[in-house]
Amino acid sequence: MEISSMVALVLMVSFTVRWAVSLNSYSGAGKPPMYGDYEAQRHWQEITFNLPIDEWYFNTSNNDLEYWGLDYPPFTAYHSLLCAYVAELIDPEWIALFTSQGYESDKHKLFMRSTVVVADITVYVPAILYYVHLCEGPWATKVSFLLCALLYPGLILIDHGHFQYNCISLGLILWGVLGLLNDRVFLGSVAFCMALNYKQMELYHAPPFFCYLLGSCLRNLKNGGLKQLLKITLVVLISFACCWLPFLTSFQQCLQVIRRIFPVDRGLFEDKVGNVWCSLSVILKVKEILSQQTQIWLSFAATLLTILPTCVKLTIDPTIKGFKFSLINCSLAFFLFSFQVHEKSILLAAIPVLLILHELPFMATWFLLVSTFSMLPLLLKDGLLLPYICTSLAFLLVTTYLLSAFVKVSVEDLQLQRWSTYIPQLPRVAKSAFRVSVIAMATLSLISVALNPPSRLPHLFSVLVSLFSCIHFLMFLMYFNILHLWEPVVQRQLWKVK
């Protein structure tokens, strides 16, 4: 089969899986009065289409911020407005001010699902495809990697099941990474600014971009490094200015947008998320014991200390390999220790892990499975049990068969040569731990569905999922930091990014 035919087949399979998931329920379906994220996205279309731009982020008689008020940066608002124009052409009732709140129909669901698919195939999928194209190695291996990357269940379930547009911000981040890979730092900087102005959580990826660009400029000070740094700074400022231009009419406008983007009153974490603060709350009620200001400073300090080693290393030694590891380490540290984290934020760490799926198939597959499992309570709440099971099993099977994920577990494959003396029989230990982990995830998934928790502990299963996931994420954080901070003695990469 020709390469183009193989790629087309992979794209068709990934599209089919996405559309099959979209046929299921979504966040808040039939659950008034607030519904869920599906209604939030629809409501933002309603607001941006019917109200002047200076009212989008303000609480007015026409814009009740308590009912899914816009709380994402301007690019999200512009995207909502674009979708609203299309919706108005099809059926104006979908975005009619006030009367459209809670609107649900099969036709509208088809439209909303289609907007996610279009966003996916225009921003995220091309970025993955181009990244695979830049990788060295036989095309058969590249196509295998492409299929595995596009079948990552976490992003599919959240965007096409739960309902969000993470594919846009994460796709833009990938384009930013590709810009740096191709030594087109200005285009990479613009792509990152666009991602950050679509979702503020892209701050998780900001330190690696900053440190890599700063380190590259400092390394070439004698060859125009300072001039390059000033150019990058100017590009970033112009990108932000263009995005925020409609809100620069007054200081009050800018301040209100920032307040909406960073609502500190929402607390340290939301729901049962697999991070340190939620896990710690099982034995120590952090939210009740500490004041909100103390929580903010504590989470800031913990996050800063955790990302400091990888950021310093990247600044001193700005390599592409180190940049990818730093993206993982920083985003995972933010997820585990930062303020105001929800379960979907793990996608910000999962996408950088996808970039090394071909290099470290065993550990990357393990992480990506756990990241999907960590969102189980949310997926069950949305009625996405069957898509969760099917997509997770499919991903495990394709990575095991096509990337030999369960075979490449030698010390060299794990890039832990220096540490093998401390852990005898490391490959055997790793395989056994993986088996136990998968069995535990399957067991917890089963009991979460089949059994009712004790009346005294109504959140027992959700808490167990959070604790289980947090322990794994801490292990992965340690592992990926080791790989970045201590270069392996021997590097065995079948193929790598040019």
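Computed from a prediction, not measured in an experiment: that's the story for all the values here.

Participant: Residues and numbers for the overall build of the chain, please.
Facilitator: Tallying secondary structure elements over the chain gives 22 helices and zero strands in all. Over its C-alpha atoms the chain spans a radius of gyration of 23 Å, differing by no more than 12% from the 23 Å that the globule rule assigns to 498 residues. With the C-alpha coordinates aligned to their principal axes, the bounding extent of the chain is approximately 65 × 65 × 60 Å. Buried residues in the chain amount to 54% of all 498 residues. A separation threshold of at least 6 residues defines the contact pool for the chain, and within that pool the share at least 24 residues apart is 78%. Carbon and sulfur atoms form 68% of the exposed surface of the chain, whose accessible area is close to 21700 Å². The average position of the 33 basic charges and that of the 30 acidic charges among the side chains of the chain differ by 12 Å.

Participant: Tell me what's going on with the side chain of Asn197, and back it up with residues and numbers.
Facilitator: Tracing the chain through its elements places Asn197 in the loop between helix 8 (185-196) and helix 9 (206-219). Side-chain polar atoms of Asn197 contact the backbone oxygen of Cys193, separated by 2.8 Å. Excluding anything up to four places from it in sequence, Asn197 contacts Pro73, Pro74, Phe75, Thr76, Phe240, Cys243 and Trp244.

Participant: Provide a residue-level description of the environment of Ala442, including the pertinent values.
Facilitator: Take Ala442: it is sitting in helix 21 (residues 426-450). Residue class for Ala442 comes out partly exposed when judged on its relative accessible area of 47%. As for Ala442 and Ile389, which are separated by 53 residues in sequence, their C-alpha atoms are 9.2 Å apart.

Participant: Residues and numbers for the side chain of Thr303, please.
Facilitator: For Thr303, the location among the structural elements is in helix 14 (residues 292-316). Filtering out sequence-adjacent residues up to four positions away, Thr303 remains in contact with Ala333, Phe334, Phe337 and Ser338.

Participant: Hey, could you go over the packing of helix 1 (residues 3-22) against helix 6 (residues 153-163) for me, with residue numbers and the actual values?
Facilitator: One way to put it is that helix 1 packs onto helix 6 with a least axis distance of 8 Å and a crossing angle of 50 degrees. With respect to each other, helix 1 and helix 6 are oriented oblique. The element helix 1 and its partner helix 6 pack so that their crossing is right-handed. Here helix 1 contributes Val17, Arg18, Val21 and Ser22 to the contact with helix 6, which in turn contributes Ile156, Leu157, His160 and Gly161.

Participant: Quick one: what's the story with the packing of aromatic side chains, residue by residue and with numbers?
Facilitator: The tally for this structure, following the rule as stated, stands at 34 aromatic pairs. For the pair Trp366 and Phe476, a centre-to-centre distance of 5.7 Å together with 85 degrees between the ring planes defines the contact as edge-to-face. Here Phe476 lies in helix 22 (residues 460-485) and Trp366 lies in helix 17 (residues 361-373), a separation of 110 residues in the sequence. On the basis of relative accessibility, which here comes to 0%, the residue Phe476 falls in the buried class. Ring centres of Phe373 and Phe468 lie 5.4 Å apart, and the angle between their planes is 80 degrees; on these two criteria the pair is classed as edge-to-face. In this pair, Phe373 is assigned in helix 17 and Phe468 in helix 22, connecting sequence segments 95 residues apart. Judged on exposure class, the residue Phe373 and its partner Phe468 are both buried. Of the aromatic side chains, those joined through ring pairs into one cluster are Phe325, Phe335, Phe362, Trp366, Phe367, Phe406, Phe434, Phe473, Phe476, Tyr479 and Phe480. For the cation-ring pair, Lys287 lies above Phe269, with the distance from its terminal atom to the ring centre recorded as 4.2 Å.

Participant: Please set out the pattern of salt bridges residue by residue, giving values where relevant.
Facilitator: As enumerated under the stated definition, the model contains six salt bridges in all. One salt bridge connects Asp37 with Lys344, and the closest N-O pair in it is separated by 3.8 Å. Of this pair, Asp37 sits in helix 2 (residues 37-50) while Lys344 sits in the loop between helix 15 (320-337) and helix 16 (347-354), placing them 307 residues apart in sequence. The pair formed by Asp37 and Lys344 is uniform in burial state, with each residue classed as buried.

Participant: Describe the nonpolar core, listing the residues and the values that go with them.
Facilitator: Membership of the largest hydrophobic core comes to 150 residues, with the highest contact counts inside it found for Tyr124 and Phe367. The greatest single-element share of this core, amounting to twelve residues, is contributed by helix 4 (residues 106-134). Excluding its chain neighbours within four sequence positions, the residues that come into contact with Phe367 are Leu332, Ile346, Ala349, Ala350, Val353, Phe473 and Phe476.

Participant: Hey, could you go over unusual backbone geometry for me, with residue numbers and the actual values?
Facilitator: A cis geometry characterises the amide bond from Pro32 onward to Pro33, with omega recorded as 5 degrees. The residue Pro33 is located in the loop between helix 1 and helix 2 in this model. Backbone geometry places Tyr35, a non-glycine residue, at a positive phi of 60 degrees. The class of Tyr35 is partly exposed, set by a relative accessible area of 23%.

Participant: For helix 4, give the residues involved together with the corresponding values.
Facilitator: Taking 1.5 Å per residue, 29 residues should reach 42 Å; helix 4 reaches 41 Å between its end C-alpha atoms and fits that length. Taken as a whole, helix 4 carries its principal kink of about 40 degrees at Ile121.

Participant: Please give an account of a nonpolar patch on the surface that cites residues and values.
Facilitator: A surface patch of nonpolar side chains, about 750 Å² in accessible area, is lined by Trp297, Phe300, Leu304, Leu305, Leu308, Val312 and Ile316. Note on placement: Leu308 falls in helix 14.

Participant: Residue-level account of the confidence of the model for the chain, with values.
Facilitator: Residues at a pLDDT of 70 or more form 97% of the chain, whose mean pLDDT is 93. Of all helices and strands in the chain, the one with the weakest mean pLDDT is helix 13 (residues 286-289) (86), whereas helix 6 scores best (98). Long-range and interchain partners of residues 488-498, a stretch whose pLDDT sits below 50, account for 30 contacts in this model, where long-range means more than four residues apart.

Participant: How would you explain helix 10 (residues 225-244) if you had to name every residue and give the values?
Facilitator: The periodicity of an α-helix, 3.6 residues per turn, causes residues three or four positions apart to be oriented the same way. An ideal rise of 1.5 Å per residue puts 28 Å on 20 residues; helix 10 measures up with 29 Å between its terminal C-alpha atoms. The complete set of buried residues in helix 10 reads Gly225, Ile232, Ser239, Cys243 and Trp244. The buried residues of helix 10 all sit within an arc of 120 degrees when viewed along its axis, so they share a single face. Opposite the packed face of helix 10, turned more than 90 degrees from it, sit the exposed residues Leu226, Lys227, Leu230, Leu237 and Cys242. Buried positions along helix 10 lie against helix 3 (74-90), helix 8, helix 9 and helix 11 (251-261).

Scoring rules and cut-offs
Residues numbered from 1 in each chain as written. Predicted model: local features only at pLDDT ≥ 70, side-chain atom pairs only at ≥ 80, totals over all residues. Heavy atoms only, no water. Helix = DSSP H or I, 4+ residues; strand = E, 2+ residues; numbered from the N terminus. Rg over C-alpha atoms; globule rule 2.2 N^0.38 Å. Buried < 20%, exposed > 50% of the residue type's maximum accessible area, 1.4 Å probe, protein only. Contact = heavy atoms within 4.5 Å. Areas by Shrake-Rupley, 256 points an atom, 1.4 Å probe, with all protein chains shown as cover. Lys, Arg positive; Asp, Glu negative; His and termini not counted. Charge placed at Lys NZ, Arg CZ, Asp CG, Glu CD. Polar contact = N/O pair within 3.5 Å; in protein donor to acceptor, adjacent residues only side chain to side chain. Axes fitted to C-alpha atoms, helices over the stretch in contact; angles between N-to-C directions. Parallel < 35°, antiparallel > 145°, perpendicular 65-115°, else oblique. Left-handed = near helix turned anticlockwise from the far one by under 90°. Phe/Tyr/Trp six-rings, centres within 6.5 Å; stacked < 30°, edge-to-face > 60°. Lys NZ or Arg CZ within 6 Å of the ring centre and 35° of its normal. Salt bridge = Lys/Arg side-chain N within 4 Å of Asp/Glu carboxyl O. Core = buried A, V, L, I, M, F, W, Y, C linked by side-chain atoms within 4.5 Å. Expected span 1.5 Å × (residues − 1). Bend = angle between axes of the 7 residues up to and from the residue. Patch = residues over 30% accessible without salt bridge, like charges linked within 9 Å, V, L, I, M, F, W, Y side chains within 5 Å. pLDDT = per-residue confidence, 0-100. Arc of directions from axis to C-beta.

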